[in-house]
Amino acid sequence: MTRKISSMLLLAAAVSFTQCKDAGDDVQIDDENELITSVTLKFTEEGTTNVQSFSYKDADGDGGNAPTAFDTIALKPNKTYTLAIELLDESKTPASNITEEVAEESDEHLFVYTPSPSTLLTYTYGDKDVNNYAIGLTGKAVTTAAGLGKMKVQLRHQPGSKNGTPGPGSDDVNLDFNLKVQ
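All values reported here derive from a predicted model rather than from experimental measurement.

Quick notes on the rules
Residues numbered from 1 in each chain as written. Predicted model: local features only at pLDDT ≥ 70, side-chain atom pairs only at ≥ 80, totals over all residues. Heavy atoms only, no water. Helix = DSSP H or I, 4+ residues; strand = E, 2+ residues; numbered from the N terminus. Buried < 20%, exposed > 50% of the residue type's maximum accessible area, 1.4 Å probe, protein only. Contact = heavy atoms within 4.5 Å. Areas by Shrake-Rupley, 256 points an atom, 1.4 Å probe, with all protein chains shown as cover. pLDDT = per-residue confidence, 0-100. Core = buried A, V, L, I, M, F, W, Y, C linked by side-chain atoms within 4.5 Å. Polar contact = N/O pair within 3.5 Å; in protein donor to acceptor, adjacent residues only side chain to side chain. Salt bridge = Lys/Arg side-chain N within 4 Å of Asp/Glu carboxyl O. Pairing = 2+ DSSP bridges. Axes fitted to C-alpha atoms, helices over the stretch in contact; angles between N-to-C directions.

Chemist: Lay out the overall build of the chain in plain terms, naming residues and giving numbers.
Modeler: The helix and strand tally for the chain stands at two helices and eleven strands. Scanning the chain from its N terminus toward the C terminus, one meets helices and strands in the order α-β-β-β-β-β-β-α-β-β-β-β-β. Counting over 182 residues, the chain shows a buried share of 34%. Sequence separation of 24 or more characterises 64% of the internal contacts of the chain that already satisfy a separation of 6 or more. Per element, the accessible surface of the chain, about 10800 Å² overall, is 53% carbon and sulfur.

Given below as structure tokens:
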């Protein structure tokens, strides 16, 4: 009799364990790159309220159709500008403000601004994340003598690997704007 009761208790316990399932979903970390269809660089000349905006727009994202806008950055020589960047995903209605997402996940993102030739412009970061690494949502751009070139704008996606350098991660944005300092 005790053997029967023990067997029934064992069977009941086994059934109860096999019937219990975790109703919650597994937590998935979203480490995917952002879809960014619009990049706007806003240069405010120091000591003025003059704002110049230069944009890149590609409604379907990377690949597919060609961009509908790819402005040339035109700045004055020997000037200091505050540079702010705005990112949108306009594939959704309403458009999604990716700038806010990058700010919220600043410990996973780094903007890299690379002028070519390097003598056209210098960039200094104006913001840092919680780990004291640069972000690049805002900063200072200082032009030098007149000239023509390019300015590469990259947004590096670095979840779990941001170390203050552009190396780790992948590109959310990688654009070569024409740069004219005149």
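Chemist: Describe the confidence of the model for the chain, with residues and values.
Modeler: On average, residues of the chain score 86 in pLDDT, and 83% of them are at 70 or above. Scored below 50 in pLDDT, residues 1-29 shows zero contacts in the model against residues more than four places distant or in partner chains.

Chemist: Outline the nonpolar core, listing residues and values.
Modeler: The biggest cluster of nonpolar side chains holds 30 residues, and the ones touching the most others in it are L41, F43, I73, I85, L87, Y113 and M151. If you tally residues by element for this core, the top one is strand β11 (residues 170-181), at five residues. For I85, the residues in contact, after removing those within four places along its chain, are V39, T40, L41, T99, F111, Y113, G136, L137 and V153.

Chemist: For the side chain of S38, give the residues involved together with the corresponding values.
Modeler: Counting through the fold element by element, S38 comes out in strand β1 (residues 38-45). At 3.3 Å, the side chain of S38 and the side chain of K57 are in polar contact. Apart from residues lying up to four places away in sequence, S38 is in contact with Y56, K57, E86, L87, L88 and E90.

Chemist: Quick rundown of the pattern of salt bridges? Include the residues and the values.
Modeler: As enumerated under the stated definition, the model contains eight salt bridges in all. Here R156 and D171 are joined by a salt bridge, their closest N and O atoms 2.7 Å apart. Of this pair, R156 sits in strand β10 (residues 147-157) while D171 sits in strand β11, and the two are 15 residues apart along the sequence. Judged by its relative accessible area of 29%, D171 falls in the partly exposed class. Connected via shared salt-bridge partners are E45, K76 and K79.

Chemist: Before we move on, can you summarise the pairing of β11 with the specific residues and values?
Modeler: Sheet topology places strand β4 (residues 73-75) next to β11; three bridges connect them, and they run parallel. Among the inter-strand pairings, L75 is bridged to a residue of β11, identified as V181. With eleven bridges joining them, β10 and β11 adopt antiparallel strand pairing. Across the sheet, the residue bridging to H157 is S170, located in β11.

Chemist: Go over unusual backbone geometry with me, naming the residues and quoting the values.
Modeler: In this model, T93 is joined to P94 through a cis peptide bond whose omega is -5°. Mapped onto the elements, P94 comes out in the loop between β5 (80-89) and β6 (96-97). The omega torsion across S116 and P117 is 0°, close enough to zero to call that bond cis. Mapped onto the elements of the fold, P117 is located in the loop between β7 (109-116) and β8 (121-125).

Chemist: Now, about the sheet that holds β4: what can you tell me, with residues and values included?
Modeler: Taken in spatial order, the four strands of this open sheet run β4-β11-β10-β7, and their pairing is mixed. With one partner strand each, in any of the chains shown, β4 and β7 form the two edges of the open sheet. Strand-to-strand, the axes of this sheet are offset by a mean angle of 25°, without reference to chain direction. Across eight bridges, β7 lies against β10 in antiparallel orientation. For H109, the partnering residue across the bridge sits in β10 and is H157.

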